[in-house]
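These are the residues of each chain, in order.
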Number of protein chains: 2
Amino acid sequence: MTEKTAETKVTEAQRAALGLAQLSEDERRRGLLSIADAIDEHHEEILEANERDVTAGEELLAAGEYSQALVDRLKLSASKLDSISEMVRSVAHQDDPLEKTLAARRLDEGLDLYKVAVPIGVVGTVFESRPDALVQIAALCLKSGNAVILKGGSEASHSNRVLYELIREATAELPDGWAQLVEAREDVDALLEMDDSIDLLMPRGSSEFVRYIQNNTSIPVLGHTEGICHVYVDEAADLEMASDVAYDAKVQYPAVCNAVETLLVHEDVAEEFLPEIAARYEQAGVELRGDDATREIVEEAEAATEDDWSTEYGDLVLSIKVVDSLEAALDHITTYGSKHTESIVTDDDERASRFMRSLDSASVFHNASTRFSDGYRFGLGAEVGISTGKIHARGPVGLEGLTTYKYHLEGDGHVVASYAGDDVKPYLHEELEAEWTPGDRSDE
Amino acid sequence: MTEKTAETKVTEAQRAALGLAQLSEDERRRGLLSIADAIDEHHEEILEANERDVTAGEELLAAGEYSQALVDRLKLSASKLDSISEMVRSVAHQDDPLEKTLAARRLDEGLDLYKVAVPIGVVGTVFESRPDALVQIAALCLKSGNAVILKGGSEASHSNRVLYELIREATAELPDGWAQLVEAREDVDALLEMDDSIDLLMPRGSSEFVRYIQNNTSIPVLGHTEGICHVYVDEAADLEMASDVAYDAKVQYPAVCNAVETLLVHEDVAEEFLPEIAARYEQAGVELRGDDATREIVEEAEAATEDDWSTEYGDLVLSIKVVDSLEAALDHITTYGSKHTESIVTDDDERASRFMRSLDSASVFHNASTRFSDGYRFGLGAEVGISTGKIHARGPVGLEGLTTYKYHLEGDGHVVASYAGDDVKPYLHEELEAEWTPGDRSDE
């Protein structure tokens, strides 16, 4: 048998999507639980396949073509598999993002309109090495009733294939072809072209990788590029609070996109604030880079270059700038920021409001660490990802980001002609508190 | 002075967008009312410019390069200008789509998260001949706080320029550059490339035109291509109702995208239903094209070709097919439909539910004419357009389609470190019924 083309796989997924949309919450949950069980029951098989990927990765590491970090990300273990099946069970027990009426409106007697949450359809994902990403993405898509195209990295191909086959077998009762594995590198470009059949792309990987996807497709993309986040310490800040927020935002976990990269400090408080925070940062091993005004106060800071202001360090490095006004802080963020997360520390609510309204960032905080910008902390349940796009889903995205809506209209033979012409019948347009149930009309 | 490049104009619009997002509802409304007044006060100037476009259009008509319909669409009159300024006033008085808290959640004591409706930013529009489109789009964007790039057709260039200047002068108090006129044809391609600075594209024109835009940009597009809508008369239909719905869906206004193009009839009711509806259609001058089974019953129907099933006639032409089951109807619609609007006529709620759940169309109706698929009839207020995309906005789109959201987090010096590590502090994640006001925190 020859391998199916990417086009064939996507067509199968499209067909499966129509069936998936009709599954009950219970059927989708049962599918997820049986995926979790399958992972628990097949450790040996998965770890054997993973060992082949890791061995190949180590050979490439020895040849200097791979990094240790990449090989580490690739490696599965019994305990990692436990946390993967636990994650799948947790997704299974999330609130159902479907079967919800988002709005209902009586257009006229016996004519009721319902806006109903539905799956998007076919979600295409392209992800780098971690084999756990395959399972997580498949679980999120199944929970939200979407068919999924999984394109993993070739370095994890043995692991991915085993995990994919386990998922397929575990969900044999669901519409056939709901999950599709795509392996060839050239198929990525084929997927990017399929704007008629793939409804949403969800790339996972480096900023450059996500940007490449965004720039090479007309399919909507849910993903995030850089996180160049800012903390601004206002002249009206409680400086002890400012120190805690600025410290947490950089040090608590510097490798993630919601960590702060540039600290902006109002000149009126710079002399009091900077030496104290610089000492704390130094103790935590943070390398500081400052503008001239900062370096006059913090001597150990290196000189920041123009590039520093637009760099996502993702590490214990921080750039610092002294600004002469709230406006200068806003200008800096607008010029260099990536519209991810910015925080102001101030006791002045009017200035906080100006900061929060003026910035075009997905998350704007007042007296809180940028690190809160996260689906779990926001209470969104399972995190689908963080979006740096402004359309459809923005900032931290929960399962809702994998849904769209449909309009259901229940009538009783209503025709538009009754509402047109000289003797126009008016619409009622009354908001209803009702869930759509088949055939449910206001006159019944 | 040399003409500014499209890039410069978009950069100006981006800057203006930051200011627009901070305007109050009242400031935006006042801007709209002064646009309406300016149109009322400058009829002569507008009609003079329009006359130049119409004259040029008529010359091209005489040369066989333009159609009469195009010249008609181009032509303004005093009464048309009255309806344009009335439309602007009506947009001004719509409910504000901004300054709304869409959701609020207490993450912990003193740490409250608000999801706040905000403008998208910079909306790019490309529209064909009608000069009234320029005013309507500018009004919808201003109401929703968006900066707008207006690219009209060259055939309406004199009219567009005068209308644009009036809008600019009337809104001189608003952030400078919020509306930008782009005139050169080659600038369209430049706009399509600006995915870093244009947040949403709203093309208006033929299906081919919208599809061209969709296929040539990675900017999200809000627009609609074909409307190949279906009415399915089920075996369990009330045939009198079916006749009224099928008649209205085709005849009430055949030129629009929500008119029916293909009528599907269950074989068990075809012999009773088809002769009656065919007679009504004939009286209304509808040309019928049927499959073999239809033509056995309706002799005057032409033979439908494969092309008929995927054609948007936009006219008094209808294709008819007899199907042997609900499933066959669903298959037909899935194969040939454009995911716009489909209606089932049936007294069987279970079958209606199956129809509505199985189809991946923006609007699915039960016992109602497809012609209800419209922002005004749906009660959405001013209609921004109809979207055949599935992401962000789907089906008829109101002003909400020109907004996105931002997360505002109000804390009191909260840091993530408190919620991590061995002695983990739990999140509360309680839904709040509250509007965001600056500095408003749960402990106050």
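Just so it is clear, the model here is predicted, and its values are computed rather than measured.

A. Region of the structure containing the overall build of chain A. Scanning chain A from terminus to terminus reveals 14 helices and 17 strands. Along the longest, intermediate and shortest principal axes, the C-alpha atoms of chain A span 75 × 70 × 35 Å. Residue burial in chain A is summarised as follows: out of 444 residues, 58% are buried. Taking the intrachain contacts of chain A between residues at least 6 apart in sequence as the baseline, contacts between residues at least 24 apart amount to 73%. Charged side chains in chain A number 39 positive and 91 negative. The centres of these two groups are separated by 4 Å.

B. Quick look at the environment of G379 of chain A. Here G379 of chain A lies in the loop between β13 (363-368) and β14 (385-387). A residue is classified by how much of its surface remains accessible, and G379 of chain A, at 22% relative accessible area, is partly exposed. The spacing of G379 of chain A and R130 of chain A is 249 residues in sequence and 25 Å in space, taken between C-alpha atoms. Beyond its immediate sequence surroundings of up to four residues, G379 of chain A is in contact with R105 and H429 of chain B.

C. Layout of the packing of helix α10 (residues 239-251) of chain A against helix α11 (residues 267-283) of chain A. All names here are of chain A. In the contact formed by α10 and α11, the axes pass within 10 Å of each other and the chain directions differ by 40 degrees. One element, α10, and the other, α11, form an angle in the oblique class. As α10 packs across α11, the resulting crossing turns out to be right-handed. Where α10 approaches α11, its residues L239, A242, S243, D244, A246, Y247, K250 and V251 are matched on the opposing element by V269, E272, F273, E276, I277, R280 and Y281.

D. A look at the interface of chain A and chain B. Contacts between the two partners involve 79 residues from chain A, matched on the other side by 79 residues from chain B. On the chain A side of the interface with chain B, the three residues burying the most area are R357, I391 and Y407 of chain A, jointly 10% of the side's total. Taken together, chain A and chain B are joined by 4 salt bridges. The closest approach of N and O atoms between K390 of chain A and D199 of chain B, which form a salt bridge, is 3.2 Å. Viewed at the interface, chain B and chain A are joined by 48 residue pairs in polar contact (both at pLDDT 80 or more). Those elements that provide at least two residues to the side of chain A that touches chain B are β1 (101-108), β2 (111-119), α9 (207-215), α10, α14 (349-358), β13 and β16 (403-414) of chain A. Broken down by class, the residue content of the side of chain A that touches chain B amounts to 34 nonpolar, 24 polar and 21 charged. Of the strand pairs in this sheet, β13 of chain A and strand β16 (residues 403-414) of chain B are connected by 5 bridges, and their pairing is parallel. Its bridge partner lying in β16 of chain B, H366 of chain A is registered against E410 of chain B.

E. Focus on the environment of L274 of chain B. All names here are of chain B. Relative to the elements of secondary structure, L274 occurs in helix α11 (residues 267-283). When the C-alpha atoms of L274 and Y66 are compared, they prove to be 40 Å apart, with 208 residues separating the residues in sequence. Setting aside residues no more than four positions away along its own chain, L274 makes contact with V265, T294, I297, V298, I320 and V322.

F. Region of the structure containing the packing of helix α13 (residues 326-336) of chain B against helix α14 (residues 349-358) of chain B. Residues and elements named next belong to chain B. Axis separation between α13 and α14 bottoms out at 11 Å; the angle between their running directions is 20 degrees. Between α13 and α14, the interaxial angle falls into the category roughly parallel. Relative to α14, the crossing made by α13 is right-handed. Touching L326, E327, L330 and I333 of α13 are R351, R354, F355 and S358, all from α14. Grouping the constituent residues of the contact of α13 with α14 by class yields 4 nonpolar, 1 polar and 3 charged.

G. Molecular detail of the relation of the copies chain A and chain B. Mapping chain A onto chain B calls for a screw motion: a turn of 180 degrees about the axis and a shift of 0.0 Å along it, with 0.0 Å RMSD after fitting. Read as a symmetry element, the transformation amounts to a two-fold axis. A share of 100% of interface residues in chain A that are also interface residues in chain B marks the association as one of identical surfaces.

H. Inspection of the side chain of S358 of chain A at higher detail. Position of S358 of chain A among the secondary structure elements: in helix α14. Residue classification places S358 of chain A among the buried residues on the basis of a relative accessible area of 8%. In this structure the side chain of S358 of chain A is engaged in a polar contact, spanning 3.1 Å, whose partner is the side chain of Q22 of chain B.

I. Representation of the domain arrangement of chain A within the structure. For chain A, the assigned domains read domain 1 (6-215) and domain 2 (229-380). Computed over C-alpha atoms, the centres of domain 1 of chain A and domain 2 of chain A are 36 Å apart.

J. Structural detail: the pairing of strand β5 (residues 179-182) of chain B. Residue and element names in this part refer to chain B. Residues A179 and L181 line one face of β5 and the alternating positions Q180 and V182 line the opposite face, and both faces are buried. Here 4 bridges tie strand β4 (residues 147-151) to β5, and the two strands are oriented parallel to one another. Bridge assignment links K151 to a residue of β5, and that residue is V182. For the crossover that starts at β4, traverses helix α7 (residues 157-170) and ends in the parallel β5, the hand is right-handed.

K. Seen up close, the nonpolar core. One finds L150, W178 and F372 of chain B to be the most contacted residues of the largest nonpolar core, which totals 82 residues. It is helix α6 (residues 131-143) of chain B that provides the largest number of residues to this core, a total of 9 residues. Ignoring any residue separated from it by four or fewer positions in sequence, one finds L150 of chain B in contact with T125, F127, L134, I137, A138, Y164, A179, Q180, L181 and V182 of chain B. Listed in part, the 80 residues of the second largest apolar core include L32, V126, L150 and L174 of chain A.

L. Focus on the packing of aromatic side chains. For the structure shown, the criterion picks out 16 aromatic pairs over all chains. For the pair Y376 of chain A and Y427 of chain B, a centre-to-centre distance of 5.7 Å together with 90 degrees between the ring planes defines the contact as edge-to-face. Of this pair, Y376 of chain A sits in the loop between β13 and β14 while Y427 of chain B sits in the loop between β16 and β17 (430-432), each in a different chain. Among the residues examined, Y376 of chain A registers a relative accessible area of 54% and is labelled exposed. Its relative accessible area of 13% is what places Y427 of chain B among the buried residues.

M. The arrangement of a negative patch on the surface in detail. On the surface, D238, E240, E276 and D347 of chain A together with D412 of chain B cluster together into a patch of negative charge. You can see D412 of chain B is positioned in strand β16.

N. Seen up close, the sheet that holds strand β9 (residues 287-290) of chain A. With respect to topology, 11 strands assemble into an open sheet ordered β10(A)-β9(A)-β11(A)-β8(A)-β7(A)-β12(A)-β13(A)-β16(B)-β2(B)-β1(B)-β17(B), the strand pairing being mixed. Of all strands in the sheet, those bounded by a partner on one side alone are β10 (302-303) of chain A together with β17 of chain B. Along the sheet, α11 of chain A contacts β7 (229-233), β8 (260-266), β9 and β11 (317-323) of chain A; its crossing angle with β8 of chain A, the most-contacted strand, is approximately 145 degrees. The strands touched by helix α13 (residues 326-336) of chain A within the sheet are β7, β8, β11 and β12 (341-345) of chain A, with β8 of chain A carrying the most contacts at an inclination of about 160 degrees.

About the thresholds
Residues numbered from 1 in each chain as written. Chains lettered and ligands numbered in written order. Predicted model: local features only at pLDDT ≥ 70, side-chain atom pairs only at ≥ 80, totals over all residues. Heavy atoms only, no water. Helix = DSSP H or I, 4+ residues; strand = E, 2+ residues; numbered from the N terminus. Buried < 20%, exposed > 50% of the residue type's maximum accessible area, 1.4 Å probe, protein only. Contact = heavy atoms within 4.5 Å. Lys, Arg positive; Asp, Glu negative; His and termini not counted. Charge placed at Lys NZ, Arg CZ, Asp CG, Glu CD. Axes fitted to C-alpha atoms, helices over the stretch in contact; angles between N-to-C directions. Parallel < 35°, antiparallel > 145°, perpendicular 65-115°, else oblique. Left-handed = near helix turned anticlockwise from the far one by under 90°. Buried area = accessible area lost by both parts, 1.4 Å probe. Salt bridge = Lys/Arg side-chain N within 4 Å of Asp/Glu carboxyl O. Polar contact = N/O pair within 3.5 Å; in protein donor to acceptor, adjacent residues only side chain to side chain. Nonpolar A, V, L, I, M, F, W, Y, C, P; charged D, E, K, R; others polar. Pairing = 2+ DSSP bridges. Least-squares fit on C-alpha atoms with pLDDT ≥ 70 in both. Domains from an automatic or database assignment. Right-handed = clockwise from strand over helix to strand, strands pointing away. Core = buried A, V, L, I, M, F, W, Y, C linked by side-chain atoms within 4.5 Å. Phe/Tyr/Trp six-rings, centres within 6.5 Å; stacked < 30°, edge-to-face > 60°. Patch = residues over 30% accessible without salt bridge, like charges linked within 9 Å, V, L, I, M, F, W, Y side chains within 5 Å. Areas by Shrake-Rupley, 256 points an atom, 1.4 Å probe, with all protein chains shown as cover.

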